[in-house]
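# Survey of secondary and tertiary structure
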Amino acid sequence: MIFYKTDEEIELIRESCLLVCKALTEVAKVIRPGINGMEIDTLAEQVIRDHNAVPAFKGYRGFPGTLCVSPNESVVHGIPSKDQVFKDGDIVSVDCGVLLNGFHGDSAYTFALGEVEEEIMELLRVTNTSLYKAIEAAEVGRRLGDISFAVQEYTEKTHNYSIVRELVGHGIGRELHEAPEVPNYGKRGRGIKLKEGLVIAIEPMVNLGRREVRTAQDGWTVFAKDRKPSAHYEHSIAIRKDGADILSDHNMIAEAIESNPNVNKVALKSLVTQ
Ligand code: MG
Ligand code: MG
């Protein structure tokens, strides 16, 4: 069942999403080759708790972290750990969720550390752009499939990457994951009609190589079977009368990256669009 949100509820979800982005922004300020997944997880948890909120992922079905930290071939759900020491040339997907005032926020960003191969930077740009193409399709009266189609068309048809099928975006609100599922592949004109008050997290997961994924021995980390890099960006949005309202804020993350010399800026310039 889909729970459509009132304007008041949307504002509460926005607050939660902004706190998520604040945590990701603190991560953006410090992430660099040589630090590890546990360090950024501890930092993010502190930011969230300082705002009297709860890390939504921690304890979710037993997940141990505040963040999902998924480097390189890891697609999503990487467990933050001391063993994840970031290297020059890595890309790191960092996903965060919070619960504040009864409502969830959810957003993710993939960081490019140091000198990242141009082929991989292009994967990041295209994945990020596909998220905005999906958001453009999120208009009252259109269909959920239009959102899915927008991601698939741009990443698979235009750029020959692969969309992960096993993991999808989702409704968000009182629960972290609500109906409807928001796949990153699909057909135009299919699925539910988009109505005012629908709040969803759109999160393209795009592989440089083939689309097949596996789950690691840790029971969580989803990785590309061919071990090629995978990118992930996520916004939570509300459908409003006059178009999509982006509740999360990647501009503050992008600004933090500007002042962090360890994060690749050449391509990240083009990721600033919001
Ligand atoms: Mg997320
Ligand atoms: Mg999500």
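Up top you'll find the structure we're talking about.
Reference entry: report on the structure contained in this document.

### Here we look at the coordination of the magnesium ion (ligand 1)
Asp95 (OD), Asp95 (OD), Asp106 (OD) and Glu234 (OE) make up the full set of protein donors to the magnesium ion (ligand 1), lying at 1.9 to 2.5 Å. Sequence spacing of the donors to the magnesium ion (ligand 1): D-x10-D-x127-E. Between the magnesium ion (ligand 1) and the magnesium ion (ligand 2) the interatomic distance amounts to 3.1 Å, and Asp106 serves as a bridging ligand to the pair. Of the two residues, Asp95 sits in strand β4 (residues 91-100) while Glu234 sits in the loop between β13 (230-232) and β14 (235-240), which places them 139 residues apart along the sequence.

### Notes on the coordination of the magnesium ion (ligand 2)
Here the magnesium ion (ligand 2) is held by Asp106 (OD), His170 (NE2), Glu203 (OE) and Glu234 (OE), and the distances to it run 2.1 to 2.2 Å. Here the donor residues of the magnesium ion (ligand 2) are spaced in sequence according to D-x63-H-x32-E-x30-E.

### A short note on the sheet that holds strand β15 (residues 243-246)
What the five strands build is an open sheet, ordered β8-β7-β9-β14-β15; its pairing is antiparallel. The open sheet has two edge strands, β8 (178-182) and β15, and neither has a second partner. Shown here is a sheet whose adjacent strand axes are inclined to one another by a mean of 30°, direction ignored. Of the pairings in the sheet, the one linking strand β7 (residues 169-171) to β8 comprises three bridges and is antiparallel in character.

### A few points about the nonpolar core
Counting 61 residues, the largest nonpolar core has Ile31, Ile40, Leu67, Phe86, Phe111, Ile147 and Ile202 as its most contacted members. Element by element, the count of residues in this core is highest for helix α3 (residues 118-136), at nine residues. Once residues within four sequence positions are removed from consideration, Phe86 is found in contact with Ile31, Arg32, Pro33, Gly34, Ile35, Asn36, Gly37, Ile40, Val69, Val92 and Leu113.

### A short note on the state of the cysteines
By the definition in use, this model includes zero disulfides. With no disulfide partner, Cys21 has as its closest neighbouring cysteine sulfur the one in Cys17, 6.8 Å distant. Since its relative accessible area comes to 0%, Cys21 is described here as buried.

### What to know about the side chain of Asn207
With respect to the secondary-structure elements, Asn207 resides in strand β10 (residues 205-207). Here Ser230 takes part through its side chain, which lies 2.7 Å from a polar atom of the side chain of Asn207. In this view, Asn207 contacts Val75, Leu123, Tyr161, Ser162, Val164, Glu212, Val213, Ala224, Pro229 and Ser230; residues no more than four positions away in its chain are not counted.

### Some thoughts on the pairing of β15
Judged from the four bridges that link them, β14 and β15 form a sheet pairing that is antiparallel. Bridge pairing links Ala238 to Asp245 in β15. Counting the residues between successive antiparallel strands, the hairpin from β14 to β15 contains two residues.

### Structural notes on the pairing of strand β5 (residues 103-112)
In terms of burial, β5 is largely enclosed, as ten of its ten residues are buried. Here β5 shows a buried face lined by Phe103, Gly105, Ser107, Tyr109 and Phe111 and a second buried face lined by His104, Asp106, Ala108, Thr110 and Ala112. Adjacent in sequence and paired antiparallel, β4 and β5 are bridged by two residues, among which Asn101 carries a positive phi angle near 50°.

### Let's talk about the side chain of Asn72
On the secondary structure map, Asn72 appears in the loop between β2 (67-71) and β3 (74-76). We classify Asn72 as buried; its relative accessible area is 19%. Sequence-distant contacts of Asn72, that is, excluding residues within four places in its chain, are made with Lys87, Asp90, Ile91, Pro229 and Ser230.

### Digging into the packing of aromatic side chains
What describes a pair of aromatic rings is the distance from one ring centre to the other and the angle between the planes of the rings. Using the criterion set out here, one finds three aromatic pairs in the structure. Between Tyr109 and Phe111, the ring centres sit 5.2 Å apart and the planes meet at 45°, which makes this aromatic pair tilted. One exposure class covers both Tyr109 and Phe111, and it is buried. With 5.1 Å between their ring centres and 80° between their planes, Tyr109 and Tyr233 make a pair best called edge-to-face. Residue Tyr109 is located in strand β5, and its partner Tyr233 is located in the loop between β13 and β14; the two are separated by 124 residues in the primary sequence. On the basis of relative accessible area, Tyr109 is assigned to the buried category, the value being 0%. A relative accessible area of 0% means that Tyr233 is categorised as buried. An aromatic cluster is built from Tyr109, Phe111 and Tyr233, whose rings are joined through pairwise contacts. The lysine or arginine in question, Lys195, covers the ring of Tyr4, its NZ or CZ lying 4.6 Å from the ring centre.

The rules behind the values
Residues numbered from 1 in each chain as written. Chains lettered and ligands numbered in written order. Predicted model: local features only at pLDDT ≥ 70, side-chain atom pairs only at ≥ 80, totals over all residues. Heavy atoms only, no water. Donors = N, O, S within 2.8 Å, 3.2 Å for Na, K, Ca; no water. Helix = DSSP H or I, 4+ residues; strand = E, 2+ residues; numbered from the N terminus. Pairing = 2+ DSSP bridges. Axes fitted to C-alpha atoms, helices over the stretch in contact; angles between N-to-C directions. Core = buried A, V, L, I, M, F, W, Y, C linked by side-chain atoms within 4.5 Å. Buried < 20%, exposed > 50% of the residue type's maximum accessible area, 1.4 Å probe, protein only. Contact = heavy atoms within 4.5 Å. Disulfide = S-S within 2.5 Å. Polar contact = N/O pair within 3.5 Å; in protein donor to acceptor, adjacent residues only side chain to side chain. Phe/Tyr/Trp six-rings, centres within 6.5 Å; stacked < 30°, edge-to-face > 60°. Lys NZ or Arg CZ within 6 Å of the ring centre and 35° of its normal.

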